[in-house]
Amino acid sequence: MADELKNKKVAVLMTDGFEQSEFEKPYEALKEAGATVEIISLKDAKVIGWKRRNWGDEVNVDKTIEEVNAEDYDALVLPGGVMNADKLRMNINAVNYVANFLELNKPVAAICHAPWILIETGMIDGRKMTSYPSLKADLVNAGVNWVDEEVVVDNGLVTSRNPNDLPAFCKKMIEEILEGVHIER
């Protein structure tokens, strides 16, 4: 099914300290499915990943957060990584960009620490989600029904806990992108 996402354009929002595998596996899955994927970041040029216990590979940035609109994409992917998620949630442009995807009911896939960014949108109250276990209290305090499962889908919002969940995460992410815009809550 190499062309199932042929006419879909997906944004991946990340900055320095993104979890290498949580970017690479979804990126590869999207490309294999035929999607056009653009890397969006807080800065131009390159961002550097985090791989196990050290810095990872550099990835070219396609556009900065100031250059993009959610309307131009079919879905959003948020890789984890403690540093990455913390930097993104502190940037109002990144938070607003993520909020726009939720407002438009477009699929959003967030893994590990990435749900921190979703909390900042103020738009996840009542949603069913999972995350890295250390975010449980933060998500519950934001009104989320937090569960400990490898992948959770709630009306286009796909969440997973950690790199071990990547196969299930990627599968559900692609399914949700195929379904497209979701019914409003």
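We now turn to the structure provided with this report. (Residues numbered from 1 in each chain as written. Predicted model: local features only at pLDDT ≥ 70, side-chain atom pairs only at ≥ 80, totals over all residues. Heavy atoms only, no water.)

Topic: the sheet that holds strand E2 (residues 18-19)
The criterion, for reference: By the convention used here, strands pair only if DSSP detects at least 2 bridges between them. Only DSSP runs of H or I with at least four residues qualify as helices, and only runs of E with at least two residues qualify as strands; both kinds are numbered from the N terminus onward.
Across the sheet, which stays open at both edges, the 3 strands sit in the order E2-E4-E5 with mixed pairing between neighbours. Edge positions in the open sheet fall to E2 and strand E5 (54-60), since each of these has one partner strand only. As paired strands, E2 and strand E4 (residues 46-51) are joined by 2 bridges and run parallel to one another. For Phe18, the partnering residue across the bridge sits in E4 and is Gly49.

Some remarks on helix H3 (residues 92-103)
Applied cut-off: Here the expected length of a helix is defined as 1.5 Å per residue gap, with one fewer gap than residues. Three labels apply to residues, based on accessible area from a 1.4 Å probe with only protein chains included: buried if under 20% of the type maximum, exposed if over 50%, partly exposed otherwise in between. Contact definition: two residues touch when any of their heavy atoms are within 4.5 Å.
Here H3 is 12 residues long and its end C-alpha atoms lie 16 Å apart, about the 16 Å a rise of 1.5 Å per residue gives. Where H3 is concerned, the buried positions are Ala94, Val95, Tyr97, Val98, Ala99, Phe101 and Leu102. At its buried positions, H3 is contacted by strand E1 (9-13), strand E3 (36-41), strand E7 (75-78), helix H2 (82-89), strand E8 (108-111) and helix H4 (115-121). Trailing H3 by a residue or two, Asn105 shows a phi angle of about 55°, which is positive.

Details of the side chain of Glu19
The following threshold applies: Asp and Glu count as negative and Lys and Arg as positive, but His and the ends of the chain are not part of the count. A pairing counts as a salt bridge when a side-chain nitrogen of Lys or Arg comes within 4 Å of a carboxyl oxygen of Asp or Glu.
Inspection of the secondary structure assignment puts Glu19 in strand E2. One buried charged residue, Glu19, forms no salt bridge at all, with the nearest opposite charge on Arg52 at 7.9 Å. For Glu19, the contacting residues outside a window of four places in its chain are Trp50, Arg52, Gly80, Gly81 and Pro163.

Concerning the environment of Val98
By secondary structure assignment, the location of Val98 is in helix H3. For Val98, a relative accessible area of 0% gives the class buried. Residues Val98 and Gly56 lie 42 residues apart in sequence; the distance between their C-alpha atoms is 25 Å. Filtering out sequence-adjacent residues up to four positions away, Val98 remains in contact with Leu13, Leu76, Leu78, Ile117, Leu118 and Thr121.

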